[in-house]
Amino acid sequence: MLDKTLFGVRLLKLRTERGLSQKAIAELLQVTRTQVSDIENGKSGTNLDRFYQLCEFYHVSSDYLLGITDDPTWRGDS
């Protein structure tokens with residue numbers, strides 16, 4: 001089962017490390033800033049399309065965001 005809290009914490013860390021606002025991520029995902037806040041606070045998840053967008057945007061593996069591994073290494077186009 002998805003640990004929404006860990007998922008949110010990792011997204012928050014990635015966003016703040018890059019100096020991005022919740023508004024910027026909301027625009028990327030075409031959702032509201034409140035929805036981004038809810039995801040980061042573990043109150044909600046996201047759909048598969050947005051999940052893929054987040055992995056691609058942050059260049060992290062899906063396993064990292066899902067909490068399966070602590071290694072964020074991007075495995076796209078390898």
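This write-up is about the structure you can find in this document.

Reading the values: rules and limits
- Residues numbered from 1 in each chain as written.
- Predicted model: local features only at pLDDT ≥ 70, side-chain atom pairs only at ≥ 80, totals over all residues.
- Heavy atoms only, no water.
- Patch = residues over 30% accessible without salt bridge, like charges linked within 9 Å, V, L, I, M, F, W, Y side chains within 5 Å.
- Areas by Shrake-Rupley, 256 points an atom, 1.4 Å probe, with all protein chains shown as cover.
- Salt bridge = Lys/Arg side-chain N within 4 Å of Asp/Glu carboxyl O.
- Helix = DSSP H or I, 4+ residues; strand = E, 2+ residues; numbered from the N terminus.
- Buried < 20%, exposed > 50% of the residue type's maximum accessible area, 1.4 Å probe, protein only.
- Contact = heavy atoms within 4.5 Å.

Attention shifts here to a nonpolar patch on the surface. On the surface, Leu 2, Leu 66 and Ile 68 cluster together into a nonpolar patch covering about 260 Å² of accessible area. Note on placement: Ile 68 falls in the segment after helix H5 (62-66).

Our focus in this paragraph is the environment of Ile 68. Judged by its relative accessible area of 59%, Ile 68 is exposed. Placed 66 residues apart in sequence, Ile 68 and Leu 2 show a C-alpha to C-alpha distance of 9.5 Å.

For the structure on display, the rule yields four salt bridges. Between Arg 10 and Asp 70 there is a salt bridge, with its nearest N and O atoms 2.4 Å apart. Highlighted residues: Arg 10 in helix H1 (residues 4-17) and Asp 70 in the segment after H5, separated in sequence by 60 residues. Classification of Asp 70 as exposed rests on a relative accessible area of 63%.

Using a relative accessible area of 8% as the deciding quantity, one classes Arg 10 as buried. Dropping the residues within four chain positions of it, Arg 10 is found in contact with Tyr 64, Leu 65, Gly 67, Thr 69 and Asp 70.

What follows deals with the environment of Pro 72. Mapped onto the elements, Pro 72 comes out in the segment after H5. With a relative accessible area of 35%, Pro 72 lands in the partly exposed category. Sequence-distant contacts of Pro 72, that is, excluding residues within four places in its chain, are made with His 59, Val 60, Ser 61 and Tyr 64.

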